[in-house]
Every structure is written in structure tokens, then in C-alpha cells.
Amino acid sequence: MEFDYSKLRVREGAKVSLKDFPTCEDGGHTKKTAKEEIERNIQELKTFQEMFYADDRYSLLIILQARDAAGKDGVIRHVMSGINPQGCRVHSFKTPTKNELEHDYFWRHYIALPQRGMIEIFNRSHYENVLATKVNPQWILNERIPGYGSVENIDQQFWDARYEDINAIEQHLHRNGMLILKFFLNISKEEQKKRFISRIDEPDKNWKFSPADLQAREQWDDYEKAFEEMLEKTSKPYAPWYVIPADKKFFARVAVGDIILALFRSLDLRYPPAESPEILAKAREILLKQ
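All values derive from a computational prediction rather than experimental measurement.

Calculation rules
Starting from 1, residues in each chain are numbered consecutively following that chain's sequence as written. Note on the predicted model: pLDDT of at least 70 is required for a residue's local features to be given, and 80 or more for side-chain atom pairs to be given and counted; whole-chain, interface and lining totals, by contrast, use all residues. Remark: hydrogens and water are excluded; side-chain values derive from all non-hydrogen atoms of the structure. We count a stretch as a helix when DSSP gives it H or I for four or more residues in a row; a strand needs E for two or more, and each element gets its number in order from the N terminus. Summary of the burial criterion: residues with accessible area below 20% of their type's maximum are buried, those above 50% are exposed, and those between are partly exposed, where the area comes from a 1.4 Å probe applied to protein chains only. For this analysis, residues touch if any pair of their heavy atoms sits within 4.5 Å. What sets the accessible areas is the Shrake-Rupley method with a 1.4 Å probe; for residues, cover comes only from the shown protein chains. The charge count includes Lys and Arg as positive and Asp and Glu as negative, but it does not include His or the ends of the chains. By convention, charge coordinates are those of NZ in Lys, CZ in Arg, CG in Asp, or CD in Glu. Salt bridge, as used here: a side-chain nitrogen of Lys or Arg that lies within 4 Å of a carboxyl oxygen of Asp or Glu. The rule is short: rings of Phe, Tyr and Trp, with Trp giving its six-membered ring, pair when the centres are within 6.5 Å, and they are stacked under 30 degrees, edge-to-face over 60, tilted in between. A ring is considered to have a charge above it if a Lys NZ or an Arg CZ atom is located within 6 Å of its centre and within 35 degrees of its normal. Between N-to-C directions, angles span 0 to 180 degrees; the directions come from axes that are lines fitted to C-alpha atoms, helices contributing only their stretch in contact. Any angle between 65 and 115 degrees counts as roughly perpendicular, while under 35 counts as roughly parallel, over 145 as roughly antiparallel, and the rest as oblique. For any helix crossing, the convention is left-handed if the near helix is rotated counterclockwise from the far helix by under a right angle, and right-handed if that rotation is clockwise. For this scheme, ten residues count as nonpolar: Ala, Val, Leu, Ile, Met, Phe, Trp, Tyr, Cys and Pro. Four count as charged, namely Asp, Glu, Lys and Arg, and the remainder, Gly too, count as polar. Taking the helix axis as origin, the arc is that swept by the directions to the C-beta atoms.

Here's the deal with the overall build of the protein chain
Next up, step 1: When its secondary structure is counted, the protein chain shows 10 helices and five strands.
Next up, step 2: Counting across all 290 residues of the protein chain, residues that qualify as buried make up 49%.
Next up, step 3: The contacts of the protein chain with a sequence gap of at least 6 include a subset with a gap of at least 24, amounting to 81%.
Next up, step 4: Total accessible area computed for the protein chain in this model is approximately 15600 Å², and 52% of it derives from carbon and sulfur atoms.
Next up, step 5: Charge separation in the protein chain, taken as the distance between the mean sites of 44 positive and 46 negative side-chain charges, equals 3 Å.

If you want it as C-alpha cells, here you go:
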């Protein structure tokens, strides 16, 4: 089923208002047809991933950012379920550890980047450093950056520098063979409320809920502004952002899978050249005699 995903892509330099992007979209799917599409995508992605691994020229970094309960884990579980673990990893970034704070904020992300032939999924990412810390600038003080000893010193110039640095790093990675896709799962406040209540009411989901989720929800408008600025400042042709409607989980999973597959289809992937027919024939002859 065809859907125009280009309208979900944030154009470089465009002014972003999340109110202009839908949160509830089915793309013409029902839950049944979405499940069928996801299964087809998994099979095709499995084939591409094997060739991607063997080709060994590119790597792929997939970044997932979202509000709490938007469905990042579900997207990873459903879209990437057919991938060979040898060629794909998922890295979830939590609050920086003491050791991580001894380095610049990108260090812990850099060492988790994929090598050639690999797919790496960042469940949250270096973008938390212009999201969570922008909404809660006091957390920047933990980084002990010279010249920024108080919240009052953290001005717009500070954030603009971070956007510039992130863009420069991602462009460097792209120039060296890394493909980058970035997805912001866009959930409505009402749908988040439903999912939080579900996590509280269903015992087997209690572990998913944290009081910190409510604190972030109280900062909804501040996060909205931070997300919008992040999308405006860091969506580039070499590392585009897609704003994925997330109220219907089945569509979000289909959309992310379709966009990843479109990227793979655009590549000139190929298996490495085989040994000459003569060498293969000789090897076969030797094996048959053993």
C-alpha cells in the first residue's frame, strides 16, 4: 500500500511546528493489513541486511527519539525482528554515568556507532543533549564545561553550538560511509495519557511506568519547543528527520520499516566477487576426494 512518506520528512531549513504533523494516521491500513505489510518488510529487510553485511562498504545508524510511551521499543521489536543479530545491535542510552561524564557528551555515543556492514539502532541518542538537557538545563552543570558554571550562562548560543557540532559530526560520518535515518515518533498528549493509565492498570506493564514520566509530561510544552528546534536545526539531506505519527502503533511500525527499505533499495549493494571458477572447481575436486 503506497503512502507518501516525503510529507513526514523535515526539509532542511524549514520552520517546524509539530501541530502541522499528524499524530494519528493509518496510511490506509487496518491492523490486519499492517501486520501483513510488516511481515513482508521483515523478509525483504532480512535479504537486504545479509547483502549489506557482505558488501561491507556502508553502515546504517537508525535514531529513535520520542516522548515517553510513544512506542520506540515496539518499533524496534517489530521492524527489526527478522534481522540477523550478527549484523544489528540496539543501544539504549540512559542517564550518563560518572565515567561518561568524564568525557564530552558525544563520547558514549561515538563508541557505540556501527562499523561497516552493521546496523545500529539508538533508542534515544545524542539528541537527548539538546532535548532533556534543554528542558532541564541544570543537568548541563554535571558536564562541568568551562565557562558554564551556572544555568544563567547557558544561552541560545550554547544550544546553537551544540546543533552545529551534531550536524558536523553526522556529516563527517556520512562522508565516511555511514547512512543515517532519524525518526521522531509523534504521539498526542491524549494517547500518551491512555498508555500511561494502561501501564498502571495492567500488572504486567507496571514495570514500564516511572514517576519521572509524569514529570516529563508536566513539561510537555517545553519539550514541544525543544523537539521543534531540534528538528529545524538538525534535519539535513545526509541525516534527515522523519516525524512519524505514533498514536496508531501499527502505522508507526509500517512507516519506519518502509522508509528503511526505501533507503536499502536505493543503494548499489552487491556481494563481494567470488573466487574464479577454476579455483572453485579445484576446491570441489579436492573436497570430493577427501
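Quick look at the pattern of salt bridges
Next up, step 1: Counted under the stated rule, the structure contains 22 salt bridges.
Next up, step 2: Two residues, E37 and R40, come together in a salt bridge whose shortest N-O distance is 2.9 Å. On the criterion of helical spacing, the pair formed by E37 and R40 is a turn pair, its members being three residues apart in helix α1 (residues 31-55).
Next up, step 3: Under the relative-accessibility criterion, R40 is labelled partly exposed at 49%.
Next up, step 4: With a shortest N-O distance of 2.5 Å, R67 and E224 are connected by a salt bridge. With R67 in the loop between β1 (59-66) and α2 (72-79) and E224 in helix α8 (residues 220-234), this pair connects stretches of sequence that are 157 residues apart.
Next up, step 5: A relative accessible area of 7% places R67 in the buried class.

Focus on the packing of aromatic side chains
Next up, step 1: Under the criterion given, the structure shown has 15 aromatic pairs.
Next up, step 2: Each ring, one from F93 and one from F122, has its centre 4.9 Å from the other, and the planes form 80°; the classification is edge-to-face. Of the two residues, F93 is situated in the loop between β2 (88-92) and α3 (107-110) and F122 in strand β3 (residues 119-123); the sequence distance between them amounts to 29 residues.
Next up, step 3: What makes F93 buried here is its relative accessible area of 7%.
Next up, step 4: For the ring pair Y105 and F106, a centre distance of 6.5 Å and an interplane angle of 70° mean the geometry is edge-to-face. F106 carries the same exposure label as Y105, and that label is buried.
Next up, step 5: Here R67 stacks its cationic end above the ring of W220, 3.5 Å away from the centre of that ring.

Here we look at the packing of α2 against helix α9 (residues 249-265)
Next up, step 1: Axis separation between α2 and α9 bottoms out at 9 Å; the angle between their running directions is 55°. Regarding the angle of α2 to α9, the classification is oblique. Viewed along their axes, α2 and α9 form a crossing whose handedness is right-handed. Between α2 and α9, the residues in contact are G74, V75, R77, H78 and V79 and R253, V256, G257 and I260, respectively.
Next up, step 2: For the contact of α2 with α9, a count of residues per class yields four nonpolar, three polar and two charged.

Quick word on helix α7 (residues 211-218)
Next up, step 1: Listed in full, the buried residues belonging to α7 are D213, A216 and R217. Looking down the long axis of α7, one finds its buried residues gathered within 105° of arc, a one-sided arrangement. Across α7 from its buried face, at more than 90 degrees, point the exposed residues P211 and E218.
Next up, step 2: Those residues of α7 that are buried are in contact with α6 (189-201) and α8.

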